[in-house]
Amino acid sequence: MQKLEAIRQQIDKLDLKLLEIIAKRSTEIDKINKIKQAERQEAFDPNREQEILNRLHKHNKSLYNSAEIGSIYKAIFKASIMLQHRLREKVEN
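Before going into details, it helps to say that this report is about the structure given with it.

Definitions and cut-offs
Within each chain, residue numbers correspond to sequence positions counted from 1 in written order. The model is predicted, so local features are restricted to residues of pLDDT at least 70 and side-chain atom pairs to those at 80 or more, both for listing and for counting; the totals for chains, interfaces and linings are taken over all residues. Only hydrogens and water are removed before side-chain values are computed, so all heavy atoms of the structure are retained for them. The secondary structure listing takes helices from DSSP runs of H or I that are at least 4 residues long and strands from runs of E that are at least 2 residues long, numbered from the N terminus. Throughout, a residue-residue contact means that at least one pair of heavy atoms, one from each residue, lies within 4.5 Å. Expected span of a helix: the number of residues minus one, times 1.5 Å. Partly exposed residues are those whose accessible area sits between 20% and 50% of the maximum for their type, while under 20% is buried and over 50% is exposed, using a 1.4 Å probe and protein chains only. Pairs of N or O atoms within 3.5 Å make up the polar contacts considered here, provided that, within protein, one atom can donate a hydrogen while the other can accept it, and that residues adjacent in sequence are counted only when both atoms are side-chain atoms. This arc is taken over the directions from the axis of the helix to the C-beta atoms.

Observations regarding the side chain of S80
Inspection of the secondary structure assignment puts S80 in helix α3 (residues 66–92). Residue contacts for S80: discarding those within four places in its chain leaves R25 and I29.

What about α3?
Taking 1.5 Å as the rise per residue, α3 with 27 residues should run 39 Å; its terminal C-alpha atoms sit 38 Å apart, in good agreement. Listed in full, the buried residues belonging to α3 are I69, G70, F77, S80, I81, L83, Q84, L87 and R88. Where α3 is buried, its residues touch α1 (2–38) and α2 (46–59). For α3, the side-chain oxygen to backbone nitrogen distance between the N-cap and A67 is 3.0 Å, and the N-cap itself is N65.

What to know about α2
Helix length check: α2, at 14 residues, gives a terminal C-alpha distance of 20 Å against a target of 20 Å (1.5 Å per residue), a fit within 8%. Within α2 the residues assigned to the buried category are E49, I52 and L53. Buried residues along α2 cover an arc of 100° about the axis, so they all sit on one side. Opposite the buried face of α2, by more than 90 degrees, sit the exposed residues N47 and K58.

Shown next as C-alpha cells:
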C-alpha cells in the first residue's frame, strides 16, 4: 500500500506542475488574444489547432495513444477559446 501512496504523491506533484504550466499557457493565450483583437481575427484558428495536434502526435512518446493526446489537447483548446471570449467580453464591457 505504501508503494501505491508513493506513486500517488508523485502524480499529485505532477498535477501541480501541469497546473503551473497551464497557468503560464493562459498568460500566453492572453497575449495572443490581444494581438488577434487588434488585427480583428477570430479566437478560433482551425489550421493552428491542427498544426499543434500534428506536432504533438509526431512527438508523442507517452503511453497515451494519439487519439487520447488529441482528446486532452482538444479540451485545452476549448478552454483557451473560452478564455479568449471571456477576455474579449471583459474588454468590451
